[in-house]
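# Results of the structural survey
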Amino acid sequence: MLDRRGRVALVIVGKADGIYIPELSRSRMSSARLRGLRLVHTHLNREGLSEEDLMDMLFLRLDAMVVLTVTAEGFPLQWQFAHLLPPTASEPYRVEPMRAWSDTAIDLAEQAQALEEEFARVVSDGKSSSAENRCILVSVSEEPRSVQERNLDELAELAKTAGITVCGRMIQRTRTVQPRNILGRGKMAELEVQALAGQADMLIFDGELLPAQLHNLADITERKVLDRTQLILDIFAQHAVTRAGKLQVELAQLKYMLPRLTGKNRAMDRLMGGIGGRGPGETKLEIDRRRSRERMARLRKELDNLRRQRSYVRSNRSRNGIPLAALVGYTNAGKSSLLNTLTRSEVLAQNKLFATLDTTTRRLRFPAEREIVLADTVGFIRNLPAELMEAFQATLEELDSADLLIHVADASHTDLFLQIASVETILDTLNLARVPRLLVLNKWDLLDPHVQAELGDALPEALHVSALKGTGLDTLMKAIEDKLLVPARD
Ligand SMILES: Nc1nc2c(ncn2[C@@H]2O[C@H](COP(=O)(O)OP(=O)(O)OP(=O)(O)O)[C@@H](O)[C@H]2O)c(=O)[nH]1
Ligand SMILES: [Mg+2]
């Protein structure tokens, strides 16, 4: 490896069929820069640059990849080089023709310099600022393409919520997802090219990567690799407000990290930090496994204490005989908005996923001096990561004592039925199927009349409201009253 001044930076001794390149310093890495190193190596046959060589150049962002071929006696024969091209070019790199070994009238350092200036110009022309996180979304699965597309739509929403700009997608459909290498090297190279073109510093995989998959990805690419679970955890970490919320998220993050903390791989440092190294509480995510376990035990204990306090509050309330209705539903369905509209409150409601993490309760008054307690809860999402499910068990336990679940769904969402089904599945897993339930189709204001009619037919028992416009609330109040207050009235 030679640096720009032609000094030897590293000597690597390999075998006839390959060399192992150690992890290189990342000091120069930014989307506008090359590595500042070129790799000059020999091929013991007469073949020029191989596919493998080009991929190494790509993954390591080398200034250039140079090969020298030799005769059977070991004398120099020909040489060839390749270099990356700026993101605006139609191809990721250029492979120059073979030259006689004595033809050295090319200044590779000068050329790398020029190329880097070109990179910098393209980057500053693009809308990306250096502080911004940019990602490529990746789906590798056995599901049909349409399902993968839909999953990536949701992943894109999650990325947006986490403050990450999506600049590309890649979908790979396979018969079986490999437990060690989620993508073949060829596909990885394609992904790297896309990332280069989009100046993405992050690759976000849909679903949950197995520890081995994550390690192997980190071995190949220098970009940050995340999966859906980590992304969701990161959003939760950003949004957690209360002590309990923060503890729960930290516990979930540790649970996710623990099996992945195995590698000696230096690349793991890069993976474990989450987006921009955000982690809640006191935890440094690089801490070792033993300390993680201790910390988890302490978190569990503290959460238990909080839970006991809460159940005390709960039993107090039930003694007063005030019924409890809980708003549940898919994230972003409009639960908080509905709580605000019904109770004239100002709970945070945002067009973001998981705006609400902590349960908030408000009194909701009915005519004739009657009232109930209305609770806003954390939103659900399909394939809720197991770590979160467990961590949020405590919050969701509140639902246990609910007398009524008001299932709020976003009627304007293309995945309405899927979202309703996911929520029902989650309620089942939480053993809440027995609690009386109302289905409320929210955002009714956004629908065309013919869609309204269709939905009316498809879900005849559902109520139609707009939390934003305040329509349908009388009917909803009446339905709540019927379910909760009528039996007591005589
Ligand atoms: N057009 C329209 N938009 C709505 C309606 N209700 C809520 N929204 C919007 O939908 C977005 C999400 O609303 P929230 O109330 O935060 O949803 P949530 O279910 O509490 O979401 P999380 O707490 O993030 O799970 C916000 O941008 C609201 O303004 C409605 O009836 N009509
Ligand atoms: Mg909310």
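Just so we're clear, the structure is a prediction, and the values are computed from it rather than from any experiment.

## With respect to the nonpolar core
Residues Phe205 and Phe354 are the most contacted members of the largest nonpolar core, which totals 98 residues. Once you skip the residues sitting within four places of it in the chain, phenylalanine 205 turns out to touch Val138, Val140, Leu155, Ile182, Leu183, Leu191, Leu217, Val225, Leu226, Asp227 and Arg228. Core analysis: the next-biggest nonpolar cluster, separate from the first, contains 26 residues, Leu338, Leu463, Leu476 and Leu484 among them.

## Things to note about the coordination of the magnesium ion (ligand 2)
Looking at the magnesium ion (ligand 2), the protein donor atoms are Ser336 (OG) and Thr356 (OG1), and they sit 1.9 to 2.1 Å from it. Of the two residues, serine 336 is situated in helix 10 (residues 335–343) and threonine 356 in the loop between helix 10 and strand 12 (360–366); the sequence distance between them amounts to 20 residues. As far as the burial class goes, serine 336 and threonine 356 line up, both buried.

## Focus on the site of ligand 1
Surveying the vicinity of ligand 1 reveals 23 residues, the closest of which are Lys335, Ser337, Ala355, Thr356 and Asp445. Asparagine 332 places a main-chain nitrogen or oxygen 3.0 Å from an oxygen atom of ligand 1. Lysine 443 has a polar side-chain atom sitting 3.0 Å from an oxygen atom of ligand 1. Taking 650 Å² as the accessible area of ligand 1 by itself, protein coverage stands at 91%. Sort the elements by how many residues they give to the shell around ligand 1 and helix 10 lands first, with 3 residues. Here the residues of the shell around ligand 1 are counted per class, giving 8 nonpolar, 11 polar and 4 charged.

## Topic: the packing of helix 6 (residues 228–239) against helix 7 (residues 243–257)
One way to put it is that helix 6 packs onto helix 7 with a least axis distance of 9 Å and a crossing angle of 155 degrees. What the angle tells us is that helix 6 and helix 7 run roughly antiparallel. As helix 6 runs across helix 7, the sense of the crossing is left-handed. Between helix 6 and helix 7, the contacting residues are Thr229, Gln230, Leu233, Asp234, Phe236 and Ala237 on the first element and Val249, Ala252, Gln253, Tyr256 and Met257 on the second. Its residues assigned to classes, the contact of helix 6 with helix 7 comprises 7 nonpolar, 3 polar and 1 charged.

## Thoughts on the packing of aromatic side chains
In this structure the tally under the stated criterion is 2 aromatic pairs. Their ring planes at 20 degrees and their centres at 5.6 Å tell us that tryptophan 79 and phenylalanine 81 sit as a pair that is stacked. Here tryptophan 79 matches phenylalanine 81 in class, with each residue buried. Seen from their ring centres, phenylalanine 236 and phenylalanine 354 are 4.6 Å apart, and the 55 degrees between their planes marks the pair as tilted.

## Observations concerning the pattern of salt bridges
Taken as a whole and assessed by the stated rule, the structure comprises 29 salt bridges. A salt bridge links arginine 7 to aspartate 3; the nearest nitrogen and oxygen atoms lie 2.9 Å apart. The exposure class of aspartate 3 is buried, given its relative accessible area of 14%. For the salt bridge of glutamate 250 with arginine 295, the shortest nitrogen-to-oxygen distance reads 2.7 Å. Remark: arginine 295 occurs in helix 9 (residues 289–320) and glutamate 250 occurs in helix 7; sequence separation between them is 45 residues. In this structure, glutamate 250 and arginine 295 share a single accessibility class: buried. One salt-bridge network, in which partners are shared between bridges, spans Arg150, Glu154, Asp206, Arg228, Arg382 and Asp415.

The rules we used
Residues numbered from 1 in each chain as written. Chains lettered and ligands numbered in written order. Predicted model: local features only at pLDDT ≥ 70, side-chain atom pairs only at ≥ 80, totals over all residues. Heavy atoms only, no water. Core = buried A, V, L, I, M, F, W, Y, C linked by side-chain atoms within 4.5 Å. Buried < 20%, exposed > 50% of the residue type's maximum accessible area, 1.4 Å probe, protein only. Contact = heavy atoms within 4.5 Å. Donors = N, O, S within 2.8 Å, 3.2 Å for Na, K, Ca; no water. Helix = DSSP H or I, 4+ residues; strand = E, 2+ residues; numbered from the N terminus. Near = heavy atom within 4 Å. Polar contact = N/O pair within 3.5 Å; in protein donor to acceptor, adjacent residues only side chain to side chain. Areas by Shrake-Rupley, 256 points an atom, 1.4 Å probe, with all protein chains shown as cover. Nonpolar A, V, L, I, M, F, W, Y, C, P; charged D, E, K, R; others polar. Axes fitted to C-alpha atoms, helices over the stretch in contact; angles between N-to-C directions. Parallel < 35°, antiparallel > 145°, perpendicular 65-115°, else oblique. Left-handed = near helix turned anticlockwise from the far one by under 90°. Phe/Tyr/Trp six-rings, centres within 6.5 Å; stacked < 30°, edge-to-face > 60°. Salt bridge = Lys/Arg side-chain N within 4 Å of Asp/Glu carboxyl O.

Without other data, these values stay purely geometric and don't point to any function.
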